[in-house]
Amino acid sequence: MIHAVATLVRKDLRERFRDKSFFLLGILTPLVLAFILDLVFGDLGEGELEVRMGVVDADQSDVSSQLGEGLVALDGQGGFEVTMLGADADADAVIDDDGLDAVVVIPDGFGAAVNSTDTPSLDVVENPDRPVQAGVVESVVDGLVADIERSRLLAGAGEQLDLTVPADSLASVLEVRREHPGGEGLDVGARMFAGMAVMFVFFTVQFGVTTLLSEKESGTLTRLLAAPIPRDSVMIAKGAVSYVLGVLATMILMVAASVLLGASWGSWIGATLLVLSAVLTAVALMAVVAGLAKTAEGAGAAQAIIAVGLAMLGGSWFPVGEDGLIGMLARLTPHYWFLSGLEDLPDAASWTVVGTPVLAMLIIAVVAGVPAAILLRRRLTP
Amino acid sequence: MSTTSSEPIAEVSGLHKRFGAVHAVNDVSLRIGAGETYGLLGPNGAGKTTTISMLAGLLEPDEGTVVVAGTPIRPRSTKGREAIGLVPQDLAIYPDLSGEENLSFFAALYGMPNREASQRVTEILDVIGLTDRRKDRTSKYSGGMKRRLNIGIGLLHSPRLLILDEPTVGVDPQSRNAILESVEALSGEGMAVLYTTHYMEEAERLCDRIGIIDDGTVIAEGTTAELTASIGEQERVRIEVNGQVEDAVEHIRAMDGIADVGADDHALVILASDGSHHLPAIIGHLTDGGAQIGSIDVTRPDLEAVFLHLTGKALRE
Ligand SMILES: Nc1ncnc2c1ncn2[C@@H]1O[C@H](COP(=O)(O)OP(=O)(O)O)[C@@H](O)[C@H]1O
Ligand SMILES: [Mg+2]
């Protein structure tokens, strides 16, 4: 059995590497697509990222000046350049004239709001030409407001707030934001890239399971069935070929994203586990389709529709809502779990954070894999 | 019967296979001895491929048994498979692999050890005349070369029974002759061969014994001589015609000494005890009916005549 499977797998891989479609569809297309998306959505990596921000203290209260000083103290840290502007400076004009990425405005009444029950807010005026850098500033400010809220709750009524504390912790907040300017976890470009990778692996795995149908059509399956090998070895080999090609293509894409574009996936162990289980799921789902289809061509068409459909549902193209019916349906796709695993990975202390996504994908793989095996087995006739 | 002396290499008894309402194979039994070339002759859809598929363990029979070289053959078991070499009707080769790679793959699949495999691959490449082109992808081969490789793969593991399913369909005359010659050579080496065809000349030339199959049933079996003797000293008259023939056919059928009249696309096939003698009257009936006559052939009793006699149908499509 093992010998037969190995012989079949070797033959199939040789064929696939020889005809160019695996490289074209499995690697080149998603890579090119990711590059295009990267151009549209900004830097994938941001090792060089420098952020120039201005601060306008329109409040001129004790609280606001403390906060402003905290922000200015970040100047020179980790690629930040912070300038204190005049109290009545026009943020838009400064951005236009000096080319700052964003200006944080501490509005009039900020100090009063902090010391009352009102919700204090900070304004961020963004430079539309520098969306990534402005995004960093915005997320820093979001974090800051959250920190202030938290200290207010902790401090209790009437006590004087010490806003130097959040300014201190700001440095570490900034550090994280700087590495992942898309928000928490993965940056936008890297997420797009991963979305493309997991979508295209559904096409790549076709080069395995679907060839069972093309071998049936071309007549070579007759020969395989006549050979002194267990019938199941043919099916197992096709699944294995799918898996090998899928893992290969996805890992090449992930490494390419990291080397060429500087995307950071966090732990490679975690990322690899996610790839291994996502591809398994893709093989199982596409095998169901192959098992149901009449012809290889029909299978290809159905698989393409399902690959794109699942990708949209699972958030390959754009993040989907977590709640409601959409969120529930999304959780039925490997794309959702693959992407959510990758999102958590960069900030996680350990790769074990991918445990839940991996488990979820393995469950999908088994649920789809069993009927797939039954269906494909019935196709093993001349 | 010429060579059914000792233990048969292949013994098929009481095979049945139905596909829905179609009774594709209806109680077929065959025995093929060592060194014997057995021809299964029948028109398209007669059940030749289905019979072979059950014989090679590809398809589960509804009823009946297959034993090859003493081992029962079943789809769920790999036992006895090495004894069978199958050459499918369709070209069953991989276009993106070279001829050599195709052969090496199947050698490995049949469990041949590496050294033996590479030696055997070299031998087969020589036999099928592809040594020079062995490194080329088979997608670049001519039709004849592909056919030869298709047969070579079936021979690779030196089976005791070689099954060839219509190996000359769609082949140019030159390659066809090469294929027929190599089949002749094989049976000379003691290999049992099961050869299916709907060309009666091939069956006549190659086969020691022939089973005529129609509608899933073997309706006659024997050597060419035995089969033709069974219909007496009848000659076969084949006339290419154009135009209305129905009335003429009725008149011809009513003539004395006419055994059977069949028609295919462009020709009438007539069995007559003395064909040449009847020819003027036959032509008279046809021209009276307004038909135009092309070439006329009168042949000694042959398998096509037998088929016509047994089924009332012409053998060619
Ligand atoms: N897999 C199948 N499903 C349904 N009908 C089939 C199948 N295979 C063969 N048949 C039918 O069985 C009959 C015999 O076919 P086949 O064995 O291929 O004939 P031959 O090889 O003599 O041309 C035909 O009527 C064919 O249509
Ligand atoms: Mg056939």
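Residues numbered from 1 in each chain as written. Chains lettered and ligands numbered in written order. Predicted model: local features only at pLDDT ≥ 70, side-chain atom pairs only at ≥ 80, totals over all residues. Heavy atoms only, no water.

Visitor: It is not clear to me how the overall build of chain B should be interpreted in this structure. Could you clarify?
Guide: Helices and strands together make up the secondary structure of chain B, namely 10 helices and 14 strands. Taken against the 2.2 N^0.38 rule, which gives 20 Å for 317 residues, the C-alpha radius of gyration of chain B at 22 Å falls within 12% of a compact globule. Judged by the C-alpha coordinates and their principal axes, chain B covers about 70 × 40 × 40 Å. Residue burial in chain B is summarised as follows: out of 317 residues, 53% are buried. Of the contacts made within chain B by residues no fewer than 6 positions apart, 69% connect residues no fewer than 24 positions apart. (Helix = DSSP H or I, 4+ residues; strand = E, 2+ residues; numbered from the N terminus. Rg over C-alpha atoms; globule rule 2.2 N^0.38 Å. Buried < 20%, exposed > 50% of the residue type's maximum accessible area, 1.4 Å probe, protein only. Contact = heavy atoms within 4.5 Å.)

Visitor: Help me out: how do you make sense of helix α13 (residues 268-292) of chain A in this one?
Guide: For an α-helix, 3.6 residues make a turn, and residues three or four places apart therefore share a direction. Over its 25 residues, α13(A) runs 36 Å from end to end, which matches the ideal 36 Å to within 8%, given 1.5 Å per residue. Its side-chain oxygen 3.2 Å from the backbone nitrogen of A:Ile269, A:Ser267 forms the N-cap of α13(A). (Expected span 1.5 Å × (residues − 1). Polar contact = N/O pair within 3.5 Å; in protein donor to acceptor, adjacent residues only side chain to side chain.)

Visitor: Honestly, the site of ligand 1 in this entry has me stumped. Any pointers?
Guide: Residue and element names in this part refer to chain B. Lining the immediate environment of ligand 1, one finds Phe19, Val22, Ala24, Pro43, Asn44, Gly45, Ala46, Gly47, Lys48, Thr49 and Thr50. Residue Gly45 places a main-chain N or O atom 2.7 Å away from an oxygen atom belonging to ligand 1. Burial of ligand 1 by the surrounding chains reaches 59%, relative to a free accessible area of 560 Å². Elements with a minimum of two residues in the shell around ligand 1: β2 (22-32) and α1 (48-55). No other element matches the three residues that α1 contributes to the shell around ligand 1. Taken together, the residues of the shell around ligand 1 break down into five nonpolar, five polar and one charged. (Near = heavy atom within 4 Å. Areas by Shrake-Rupley, 256 points an atom, 1.4 Å probe, with all protein chains shown as cover. Nonpolar A, V, L, I, M, F, W, Y, C, P; charged D, E, K, R; others polar.)

Visitor: Honestly, the side chain of B:Thr196 in this entry has me stumped. Any pointers?
Guide: Residue and element names in this part refer to chain B. Topologically, Thr196 is positioned in strand β8 (residues 192-197). Of the polar contacts made by the side chain of Thr196, one reaches the side chain of Asp165; its length is 2.6 Å. The contact partners of Thr196, leaving out residues within four places of it in the chain, are Leu40, Lys48, Ile52, Leu164, Asp165, Glu166 and Pro167.

Visitor: Explanation requested: the UniProt feature "transmembrane region" (unreviewed entry) in chain A in the structure shown.
Guide: Taken from the UniProt record, the annotation "transmembrane region" (unreviewed entry) applies to residues 21-41, 192-213, 240-262, 268-293, 300-320 and 348-376 of chain A. Secondary structure content for residues 300-320 of chain A is 67% helix and 0% strand, and the end C-alpha separation is 26 Å. (UniProt positions renumbered as here; feature names shortened; annotations may be inferred.)

Visitor: Just to check I follow, could you spell out the pairing of strand β3 (residues 37-41) of chain B for this structure?
Guide: Consecutive side chains of a regular strand alternate in pointing toward one face of the sheet and then the other. All names here are of chain B. Burial of β3 is extensive: five of the five residues sit out of reach of the surface. The pairing of β3 with β8 spans five bridges and is parallel. Pairing of Tyr38 across the sheet is with Leu194, part of β8. The pairing of β3 with strand β9 (residues 209-214) spans four bridges and is classified as parallel. (Pairing = 2+ DSSP bridges.)

Visitor: Just to check I follow, could you spell out the interface of chain A and chain B for this structure?
Guide: Interface size is often expressed as the accessible area that is lost when the parts come together. Contacts between chain A and chain B engage 24 residues on the former and 31 residues on the latter. In total, chain A and chain B occlude about 2,400 Å² of area from one another, counting both sides; carbon and sulfur atoms represent 63% of this. Per-residue buried area on chain A facing chain B is highest for A:Arg18, A:Arg223 and A:Pro228; these three make up 32% of the total on that side. Where chain A touches chain B, the interface holds two salt bridges. The shortest N-O distance in the salt bridge between B:Glu101 and A:Arg14 comes to 3.8 Å. On the surface where chain A and chain B come into contact, there are 11 residue pairs in polar contact (both at pLDDT 80 or more). For the side of chain A that touches chain B, the secondary-structure elements that each account for two or more residues are α1 (2-18), α10 (211-218) and α11 (220-226) of chain A. (Buried area = accessible area lost by both parts, 1.4 Å probe. Salt bridge = Lys/Arg side-chain N within 4 Å of Asp/Glu carboxyl O.)

Visitor: Even after reading the chapter, I still don't get the coordination of the magnesium ion (ligand 2), so can you show me in this structure?
Guide: Geometry reference: four tetrahedral donors at a metal, ideal angle 109.5 degrees. Six octahedral donors, ideal angles 90 or 180 degrees. Residue and element names in this part refer to chain B. Thr49 (OG1) and Gln89 (OE1) make up the full set of protein donors to the magnesium ion (ligand 2), lying at 1.9 to 2.5 Å. On the criterion of sequence distance, the pair formed by Thr49 in helix α1 and Gln89 in the loop between β6 (84-87) and α2 (99-109) is long-range, its members being 40 residues apart. Residue Thr49 is classed as partly exposed on the basis of its relative accessible area of 35%. (Donors = N, O, S within 2.8 Å, 3.2 Å for Na, K, Ca; no water.)

Visitor: Please clarify how a negative patch on the surface should be interpreted in this entry.
Guide: All names here are of chain A. A contiguous patch of negative charge on the surface is contributed by Asp90, Asp92, Asp96, Asp97, Asp98 and Asp129. Assignment of secondary structure puts Asp97 in helix α4 (residues 91-98). The exposed category is assigned to Asp97, whose relative accessible area is 63%. (Patch = residues over 30% accessible without salt bridge, like charges linked within 9 Å, V, L, I, M, F, W, Y side chains within 5 Å. Lys, Arg positive; Asp, Glu negative; His and termini not counted. Charge placed at Lys NZ, Arg CZ, Asp CG, Glu CD.)

Visitor: Teacher, can you tell me more about the domain arrangement of chain B here?
Guide: According to the domain assignment, chain B contains domain 1 (10-228) and domain 2 (233-300). The gap between the C-alpha centroids of domain 1 of chain B and domain 2 of chain B is 37 Å. (Domains from an automatic or database assignment.)

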